[in-house]
Amino acid sequence: MWEFTIPLMAAAVQSGTPILYATLGEMMTEKGGVLNLGVEGIMAVAALAAFVTSFATGSPWLAFLAGGTAGLLFASLHAFVCITCLGNQVVSGLALTILGLGVSTFLGVPYVGLAAPGFDPFAFPLLSAIPVVGDIFFRQDMLVYISFVIPLLFWVFFRRTSLGLHVTATGEMPAAAAAVGLKPVALRYFAVLTGGFLIGLGGAYLSLAYTHLWTNGLSGGRGWIAVALVIFAFWRPGRAVIGAYLFGGVMAFQLRLQAMGTHIPSSLLLMLPYLLTILVLIFSAWRGRRIDAPAALGTNIEPEA
Amino acid sequence: MALKIRKRDEPWKWGALVIFLGALLFSLVVSGLLLAGQGKDALQGMLILWEGSFGNLWALEGALLKAIPLFLCSLGVAVAFRMQIWNIGAEGQFALGAIGATWMALSFPHLPWYGLMPLMFIMAFLLGGTWAFIPAVLKLKLRVNEIISTLMLNYIAILLLDYLVFGVWKDPTSFGFPMTPEFTSGAVIVGIGTSRVHWGLLFCAVVGTGLWAFMRFTRLGFELKASGEGARVARYAKIRYGLLTMFVMCLSGGFAGWAGCIETSAVLNRLQPSLMVGYGYTAIVVAWLARLEPLNIAFGSFLLAALRVGVENLQLELQIPAAFGVIMEGMILLTVLAGQFFLTYRIERVPLEGEE
């Protein structure tokens, strides 16, 4: 029993990590009141940027940052279209995904099948010695350990800093925020760009740690799952962690079943994460009734004429 | 001097067209730079793209051929968008339509076309419609976000298609390739005269006109447009919003299902995974560029279909990846979105205080 469960749970944490980064990134964006459906495209572009950087420089750390930066730059297109030009947030996000998948496939052609240095798992000193927990959480790669800290930072940012409070205010009521002298437009830019950076880190994880090579379609729907998880998490970082590992678990489970050679056709097994996404949405709709969604989510700030 | 944003007093008459052309030009320039970045001759590339899209009869036929599924999917997407329902699931509904048509084609291979074809179209509409009905019910009863549920159903539909062609429907004589047996003659939509373009084109014309008339002349069509103004307006107008939502989503999915049926029957003559080339996603681009108007959608479908054919030419002649076309689609859409700002606002120069 244990010899199956513990590796499975460790694998759940690993495959949940890119989703966790992306979910927190989208949550950041939405906290500022902007819906970004470009997560899938941002992840794809960031995964390529990270891979190419690692391939060219041999430095995974530089590559990780490059992924985040690519995510930030790509998200800035969405910020410009929605915040400055008042474009429709839904359509702009979709356009971003189409563009991102196109760009990553197009520019990635010469790299398909190549490998680049990335991050490998190692036993975290002391903590890995804890029974069960150590095996699941502390025999991972460095990027997983970093992802443990980010939800905490996220929580502190929104609960304990004034900037976090201001971002929340623009997501709830930009007009009121402006009335008390805040700059909602700038705050929204901040939310979309930092969110894009985090989503980019999730993309980078895919090419640097999840695989060490470049293939097309690396994002494989994880960006969309992240969008759904933000709803599931009621815009709270703690629940994002649970959601991400839940999905990581299903993905890992499905891979393991395939490897064990079950008689279930692989196409049916591959449906599991997508079916689960719908179930998760049903569950959160039933439980949450969207009470915690930022009130101004999806609506643009009209300039005063 | 300072710049100030002003709301326009009256709409900018040719604005939409100017913005569209501007976006097209902009994305052509950026795509050219992208080609140059790959070490290709950008100008030559653009000529090849043009040649491949509109340069000869073969190209025009190819564009018309690809415009058919695009038009139907886009029409479906647009009907839902009209009501502010975000059906992103045309890709999956397209797959389900193809599955429905194939199911009938494989079940009744000996029927003549006038017996089999209606069955295929009905089943394609039913399955495509069902695939859109699920998110509609989830949205109404449980307030599940339809953007994500329709998207997830896309992934599931494609895997379902894989499951069928790799499994129960696999042609035993296909040497292991994932495809169904070839359709019998009664299940194949044939070309018009000697051209490659098939009778699906006529079907599109009928459906397009039908939808236009429906939106314009029927009470339901009026209610649909009114509901687009928001659920609250709809409630004031005593519109049964829930019922209308379900109806519209079924219609939307049914249209995409028809596209899948026609594409399987007329172009591939069998079900195989290469059917899925992203028409459902391009349809979103078309619908939005066309501002959800049926006639514009016809033009938009033709234009983006021509772009696809042109990129195929580029692929052959300069070894440019097919994703080049996807980039252009995304870029055009993003630029148009940004440009639409100027439809409602104008930027005026106002003198600063103390200035003349």
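Under the annotation held in an unreviewed UniProt entry, chain B carries the name ABC transporter permease and is attributed to Pseudodesulfovibrio alkaliphilus. If you open the UniProt record of chain B and go to Subcellular location (unreviewed entry), you find "Cell membrane".

As annotated in an unreviewed UniProt entry, chain A carries the name ABC transporter permease and comes from Pseudodesulfovibrio alkaliphilus. As recorded by UniProt, the Subcellular location (unreviewed entry) comment attached to chain A reads in full: "Cell membrane".

1. Concerning the interface of chain A and chain B
The interface is formed by 48 residues belonging to chain A together with 43 residues belonging to chain B. Carbon and sulfur atoms supply 82% of the area that chain A and chain B bury against each other, a total of about 4000 Å² over both sides. Linking chain A with chain B are one salt bridge. A:Glu302 is paired through a salt bridge with B:Lys7; the nearest N and O atoms lie 3.8 Å apart. The interface formed by chain A and chain B contains one residue pair in polar contact (both at pLDDT 80 or more). For the side of chain A that touches chain B, the elements supplying multiple residues, two or more each, are helix H3 (60-84), helix H4 (89-108), helix H10 (222-232), helix H12 (266-270) and helix H13 (272-288) of chain A.

2. What to know about unusual backbone geometry
All names here are of chain A. Phi at Val-132 takes a positive value of approximately 60 degrees, unusual for a residue other than glycine. Judged by its relative accessible area of 34%, Val-132 is partly exposed. The backbone of Trp-235 shows a phi angle near 60 degrees, a positive value even though the residue is not glycine. Relative to the elements of secondary structure, Trp-235 occurs in the loop between H10 and helix H11 (237-259).

3. Section: the pattern of salt bridges
All names here are of chain B. Under the counting rule described, the total for this entry stands at eight salt bridges over all chains. The partner of Glu-146 in a salt bridge is Lys-139, and the shortest N-O contact between them spans 3.3 Å. For Lys-139, a relative accessible area of 21% gives the class partly exposed. In this structure, Arg-308 and Glu-329 form a salt bridge, with 4.0 Å as the shortest nitrogen-oxygen distance. Of this pair, Arg-308 sits in helix H12 (residues 294-318) while Glu-329 sits in helix H13 (residues 323-339), and the two are 21 residues apart along the sequence. Neither Arg-308 nor Glu-329 differs from the other in exposure class; each is buried.

Definitions and limits used
- Residues numbered from 1 in each chain as written.
- Chains lettered and ligands numbered in written order.
- Predicted model: local features only at pLDDT ≥ 70, side-chain atom pairs only at ≥ 80, totals over all residues.
- Heavy atoms only, no water.
- UniProt positions renumbered as here; feature names shortened; annotations may be inferred.
- Contact = heavy atoms within 4.5 Å.
- Buried area = accessible area lost by both parts, 1.4 Å probe.
- Salt bridge = Lys/Arg side-chain N within 4 Å of Asp/Glu carboxyl O.
- Polar contact = N/O pair within 3.5 Å; in protein donor to acceptor, adjacent residues only side chain to side chain.
- Helix = DSSP H or I, 4+ residues; strand = E, 2+ residues; numbered from the N terminus.
- Buried < 20%, exposed > 50% of the residue type's maximum accessible area, 1.4 Å probe, protein only.

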